[in-house]
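Descriptive analysis of the structure
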Amino acid sequence: VEESERLARQQLDNEWAVRFEKENWVDLMLSWNQRPAFSDGLFQFERQEKDYCRQRLAESLRYWSLGVQRDLRQELSALNLPIFWMVGERDEIY
C-alpha cells in the first residue's frame, strides 16, 4: 500500500471520527449509510444513538483505521495454514 493511500485513509477516518464526536446523530447516520459498503439499498440500518458511545466510535475510527494498521500480507503469506478470508460481495475495497 502506498504511503499516500495510507495517509489519505487516516485523514478520511479522522474526519469521520470528528463527525462522530460532533455532528447531529440523524444527519451523521444518513451520511454514514451512504458510504459505498452500505448504500446499495438492500438493507436499511437503523442505529440509535443511545446504543453507542460516540467517543468509542471515534476512537475506533482513529486507532483501527487501515491507515495506521501494519500491512501484514507478507507475514500472512508465510504462514503454513489455511486462511479464511471473508468480505461482503459489494465491498469494493476488500
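These numbers come from a predicted model, not from an experiment.

This paragraph deals with the nonpolar core. Counting residues in hydrophobic clusters, the biggest one holds 9 residues: W16, A17, F20, W25, L28, M29, W32, A58 and L61. Elements that contribute at least two residues to this core include exactly α1 (3-22), α2 (25-32) and α3 (54-63). Top element by residues in this core is α2. It accounts for 4 residues. Setting aside residues up to four positions removed in sequence, L61 forms contacts with D13, W16, A17, F20 and W32.

This paragraph deals with the confidence of the model for the protein. Taken residue by residue, the protein gives an average pLDDT of 89. The fraction at 70 or more is 89%. Looking over the protein, one finds the lowest element-wise mean pLDDT in helix α4 (residues 73-78), namely 92, and the highest in α3, namely 97.

Turning to the packing of aromatic side chains, a few remarks are in order. Tallied over the full model, the rule gives 4 aromatic pairs. Taking 5.0 Å as the distance between ring centres and 85° as the angle between the ring planes, the aromatic pair formed by W16 and W32 counts as edge-to-face. Taken together, the residues span a long stretch of sequence, with W16 in helix α1 and W32 in helix α2 at a distance of 16 residues. Of the two residues examined, W16 and W32, each falls in the buried class. One cation-aromatic arrangement involves R19 over W16; the distance from NZ or CZ to the ring centre is 4.4 Å.

Okay, the environment of K50 next. Mapped onto the secondary structure, K50 falls in the loop between α2 and α3. The class for K50 is exposed, based on a relative accessible area of 71%. At 3.2 Å, the side chain of K50 and the side chain of D51 are in polar contact.

Interhelical geometry of α1 versus α2 gives an angle of 150° and a closest axis separation of 9 Å. Taken as axis vectors, α1 and α2 run roughly antiparallel relative to one another. The handedness of the crossing between α1 and α2 comes out as left-handed. For the pair α1 and α2, contact is made by W16, R19 and F20 and by W25, L28, M29, S31 and W32, respectively. Here the contact of α1 with α2 is built from residues that sort into 6 nonpolar, 1 polar and 1 charged.

Parameters and conventions
Residue indices follow the written sequence of each chain, beginning from 1 at its first position. With the structure being a predicted model, the display of local features is reserved for residues of pLDDT at least 70 and the display and counting of side-chain atom pairs for 80 or more, all residues being used for whole-chain, interface and lining totals. Heavy atoms throughout the structure, all of them, feed into the side-chain values; hydrogens and water do not. We define a nonpolar core as any set of buried Ala, Val, Leu, Ile, Met, Phe, Trp, Tyr and Cys residues linked to one another through side-chain atoms lying within 4.5 Å. Each residue gets one of three labels from its accessible area relative to the maximum for its type: buried under 20%, exposed over 50%, partly exposed in between, using a 1.4 Å probe on protein chains only. Here a strand is any run of E in DSSP of at least two residues, a helix any run of H or I of at least four, and the numbering for each starts at the N terminus. Any pair of residues with heavy atoms lying within 4.5 Å of one another is described as a contacting pair. Per-residue confidence from the prediction method is given by pLDDT, with values spanning 0 to 100. Note on aromatic contacts: the rings of Phe and Tyr and the six-membered ring of Trp form a pair at centre separations within 6.5 Å, being stacked when their planes are under 30 degrees apart, edge-to-face when over 60 apart, and tilted otherwise. In our convention, an over-ring charge means Lys NZ or Arg CZ found within 6 Å of a ring centre and within 35 degrees of that ring's normal. Definition of a polar contact: a pair of N or O atoms within 3.5 Å, with one able to donate and the other able to accept a hydrogen when the atoms are protein atoms, and with sequence-neighbouring residues admitted only if both atoms are side-chain atoms. The axes used here are C-alpha line fits, helices contributing only the stretch in contact, and every angle between their N-to-C directions lies in the interval 0 to 180 degrees. Under this scheme an angle from 65 to 115 degrees is roughly perpendicular, one under 35 degrees roughly parallel, and one over 145 degrees roughly antiparallel; angles in between are oblique. We call a crossing left-handed when the near helix sits turned anticlockwise from the far one by less than a right angle, and right-handed when that turn is clockwise. Three residue categories are used. Nonpolar comprises Ala, Val, Leu, Ile, Met, Phe, Trp, Tyr, Cys and Pro, charged comprises Asp, Glu, Lys and Arg, and polar comprises the others, including Gly.

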